[in-house]
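Observations on the three-dimensional arrangement
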Amino acid sequence: YLEPETLVGSEIGWEWATSRTHLEINLYRSVIDGLQSRANVAGQPANVYTQVNLGKARSQGVELMGDLHLSRRWSVNAGYTYADAKIVEDPSPELVGKLMPEVAPHVGSLSVRFRGDRGTNIDVRGRVLSRTYGEAANLAIGPAHRVVDLSISQELRSWIDAYAIVENAFDEEYYLALTPSAFRSGLPRTITAGFRLNLGAGR
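All of these numbers come straight from a predicted model, not from anything done at the bench.

Let us look at the pattern of salt bridges. Two side chains with opposite charge may pair up if their charged atoms get near one another. Per the counting criterion, the structure on display carries nine salt bridges. Between glutamate 89 and lysine 56 there is a salt bridge whose closest N-O contact spans 3.9 Å. Here glutamate 89 is found in strand β6 (residues 74–89), whereas its partner lysine 56 is found in strand β5 (residues 56–69), with 33 residues between them in sequence. For arginine 115, the salt bridge is made with aspartate 123, and the minimal N-O distance between the two is 3.2 Å. For arginine 115, a relative accessible area of 33% corresponds to the partly exposed category. What emerges from the salt-bridge pattern is a single network uniting Asp67, Arg113, Arg115 and Asp123.

Encoded structure:
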């Protein structure tokens, strides 16, 4: 039986904007009671695991975000998050001080956007994530990886757009650790295309 997680948190931020630039800084701190994590089931194969409650965890850090309009059509967006997320109390002393499962201490992103006069939108975004751990003992290591995504959309009428999204455009191979002996492959190159209706637009 799992107890629900309980989170108490706070956040404070600062924002600065001009006609071309937008900067934002956020500081946050959260305390989580009953943190849930996965663990192997004794006597079962390596890919069979269950969720268990840990003690108390604390997550604190900083988020930095910035937008810069280079011109009427081009803009750049960058972001960085530092997360100091650790287990601070647990019945098992060896878990105290370990990093929280599945929380990357460092996450960065950079995107370039193009906005055309005829409803053409192009976005290229790169993401970098540092090493993560799949479980509380920090034995299941998910390596750092980087991913590039691409999205394109074109307005056909005021009420309909055509779009295409390419996730992991360079087909970067990476995996996410679940337990010390069970892993899940990251998303391979994935292409999605379709039409988007803007039902609120006048015809």
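Read across the open sheet, the nine strands follow the order β1-β2-β5-β6-β7-β8-β11-β12-β15; overall the sheet is antiparallel. Looking at which strands have only one partner, the edges of the open sheet turn out to be β1 (6–17) and β15 (190–197). Here the average twist between neighbouring strands, direction ignored, is 15 degrees. Here strand β11 (residues 145–157) runs beside strand β12 (residues 160–167); their pairing, made up of seven bridges, is antiparallel. If you follow glutamine 154 over to β12, its bridge partner there is alanine 162.

What counts as what
- Residues numbered from 1 in each chain as written.
- Predicted model: local features only at pLDDT ≥ 70, side-chain atom pairs only at ≥ 80, totals over all residues.
- Heavy atoms only, no water.
- Salt bridge = Lys/Arg side-chain N within 4 Å of Asp/Glu carboxyl O.
- Helix = DSSP H or I, 4+ residues; strand = E, 2+ residues; numbered from the N terminus.
- Buried < 20%, exposed > 50% of the residue type's maximum accessible area, 1.4 Å probe, protein only.
- Pairing = 2+ DSSP bridges.
- Axes fitted to C-alpha atoms, helices over the stretch in contact; angles between N-to-C directions.

In short, shape yes, function no, at least from these values alone.
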